[in-house]
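Chain and residue survey
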Amino acid sequence: MKMAKPNIISAGIDTSKDKLDVAIHGIVGGFIVSNDAAGWAVLAGRLQAAGVGRIGIEATGGYERGALRALQQAGFEVVLLQPLQVKAFARLRLRRAKTDKLDAALIAHCTHVMDAHNKMPPDARFDALADLLTYIEQIGEDIVRFKTRLEQTRDERVRKLVQDQIRAFQKQKIGELKRLRDQVRAHDDLAERYRLVMSIPAIGIVAALSLVVRMPKLGQVSREEAASLAGVAPVVHQSGTHKGETHIGGGRARLRRALYMPAFVGALHWNPALMALYQRLIARGKSHKCAVVACMRKLLIFANTVVARGTPWETNGPITIA
């Protein structure tokens, strides 16, 4: 972990739905503002008056987004911290007590000592795109729930009601997907990324939009960083003579879920490179699930590669990237 410049004053923000708890590193005490436009304006003014240059804010299911963008527009350097990072830093500091005020101070300290590699890019386009994509994914979850309900229903009248609802959800999902695709294509750079990702066999509209929207740095990171961001990098558990199972996890869960089905069908039918990888792993005794996860990771690497190169998928060409 690189140390931050000592002359930069750092602040930390613990976010909840209705309020923001704020602490400035090295200063005892803190303050609270409302998590709305009025509160963000007060927040920016007080931090500017205190000479704060860098602000850390923990990802909190989207509740942090408004404050984050407002602070960026005010000229602050904003670092988005993942909950796992904050939790690990708390363990490092042997801190077990937990309140919003203490969490804000912890985030301020963590922000002060860490490198700003998590600095949020000032590209607000992805906020609205991600919101719409999440809504589409939630419609899909509704469809799954209603299909489960249909399997458990015998009354014909109720079955018809459920079937009508499923069809309505499916129609709505298709319409919103087209809307999101059009919004992505309205931006030349995003349209090009979408075109390149769609050239990969087995990648469909849902996975392509998920890759473009949920990974703004697609094509700008290494294969290892891409796998880590999506949570498909293998995590080894080994200590001394003990060798635990290797798992995946963390990262962007919705993106990871979007990669599962294309990897699955690609490994069995549509993508020769994935099919070869899947068969090699199965021949080595790996489970079906393990092999599909490896194909998810490879599919993500393919997407990262075609965007980095700026050229579409070539069936006969090697797909590698440093």
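On a predicted model such as this, the values are computed, not experimentally measured, just so you know.

Examining the packing of helix α10 (residues 253-270) against helix α11 (residues 272-283)
- Running from amino to carboxyl end, α10 crosses α11 at an angle of 90°, the nearest separation of the two axes being 7 Å. Classified by the interaxial angle, the pair formed by α10 and α11 is roughly perpendicular. On the side of α10, the interface is formed by Ala-263, Gly-266, Ala-267, Leu-268, His-269 and Trp-270, while α11 contributes Pro-272, Leu-274, Met-275 and Tyr-278.
- A breakdown of the residues in the contact of α10 with α11 according to their chemical character gives eight nonpolar, two polar and no charged.

Quick notes on the nonpolar core
- Among the nonpolar cores identified, the biggest contains 49 residues, and Leu-180, Val-184, Val-197, Ile-200, Ile-203, Leu-211 and Leu-300 are the most heavily contacted of them.
- It is helix α12 (residues 288-309) that provides the largest number of residues to this core, a total of 12 residues.
- Counting 20 residues, the second largest nonpolar core, distinct from the first, contains Ala-44, Ala-67, Phe-76 and Val-78.

Notes on the pattern of salt bridges
- Scanning the model with the defined rule gives 16 salt bridges in all.
- In this structure, Glu-137 and Arg-254 form a salt bridge, with 3.1 Å as the shortest nitrogen-oxygen distance. Highlighted residues: Glu-137 in helix α5 (residues 125-151) and Arg-254 in helix α10, separated in sequence by 117 residues.
- As a salt-bridge pair, Arg-195 and Glu-192 come within 2.7 Å of each other at their nearest N and O atoms. Of this pair, Arg-195 and Glu-192 both sit in helix α7 (residues 188-198), separated by three residues, roughly a single helical turn.
- Relative accessible area serves as the criterion here: at 31%, Glu-192 is assigned to the partly exposed category.

Considerations on unusual backbone geometry
- Phi at Ala-202 is positive, roughly 90°, even though this residue is not glycine.
- With respect to the helices, strands and loops of the structure, Ala-202 is situated in the loop between α7 and α8 (205-214).

Section: the state of the cysteines
- Applying the stated criterion across every chain, the model contains zero disulfides.
- Note on Cys-295: no disulfide assigned, nearest cysteine sulfur contributed by Cys-290 at a separation of 9.7 Å.
- Overall, the relative accessible area of 0% leaves Cys-295 in the buried class.

So, the pairing of strand β4 (residues 52-58)
- With six of seven residues buried, β4 is to be regarded as a mostly interior element.
- As defined by bridge partners, strand β1 (residues 9-15) adjoins β4 across five bridges and the pair is classed as parallel. Opposite Ile-9, over in β4, you have Val-52 as the bridge partner.
- Inspection of the sheet shows β4 paired to strand β5 (residues 77-81) by five bridges, in the parallel sense. Residue pairing in the sheet places Arg-54 in a bridge with Glu-77 of β5.
- Considered for its hand, the β-α-β crossover made up of β4, helix α2 (residues 65-73) and β5 is right-handed.

Thoughts on the environment of Asp-155
- Mapped onto the elements of the fold, Asp-155 is located in the loop between α5 and α6 (156-185).
- Its relative accessible area of 41% is what places Asp-155 among the partly exposed residues.
- A distance of 2.9 Å separates a polar side-chain atom of Asp-155 from the backbone nitrogen of Arg-157.

Examining the pairing of strand β2 (residues 19-24)
- Of all the six residues making up β2, five are buried; the element is thus mostly covered by neighbouring parts of the structure.
- As judged from the five bridges shared by β1 and β2, these two strands associate in the antiparallel manner. Bridged to Ile-13 within β2 is Val-22.
- Between β1 and β2, which pair antiparallel one after the other, the connecting turn spans three residues.
- By the bridge criterion, five bridges tie β2 to strand β3 (residues 30-34) in an arrangement that is antiparallel. Bridge pairing links Lys-19 to Ser-34 in β3.
- Joining the antiparallel neighbours β2 and β3 is a turn of five residues, in which Gly-26 adopts a positive phi near 90°.

Rules of the game
- Residues numbered from 1 in each chain as written.
- Predicted model: local features only at pLDDT ≥ 70, side-chain atom pairs only at ≥ 80, totals over all residues.
- Heavy atoms only, no water.
- Axes fitted to C-alpha atoms, helices over the stretch in contact; angles between N-to-C directions.
- Helix = DSSP H or I, 4+ residues; strand = E, 2+ residues; numbered from the N terminus.
- Parallel < 35°, antiparallel > 145°, perpendicular 65-115°, else oblique.
- Contact = heavy atoms within 4.5 Å.
- Nonpolar A, V, L, I, M, F, W, Y, C, P; charged D, E, K, R; others polar.
- Core = buried A, V, L, I, M, F, W, Y, C linked by side-chain atoms within 4.5 Å.
- Buried < 20%, exposed > 50% of the residue type's maximum accessible area, 1.4 Å probe, protein only.
- Salt bridge = Lys/Arg side-chain N within 4 Å of Asp/Glu carboxyl O.
- Disulfide = S-S within 2.5 Å.
- Pairing = 2+ DSSP bridges.
- Right-handed = clockwise from strand over helix to strand, strands pointing away.
- Polar contact = N/O pair within 3.5 Å; in protein donor to acceptor, adjacent residues only side chain to side chain.

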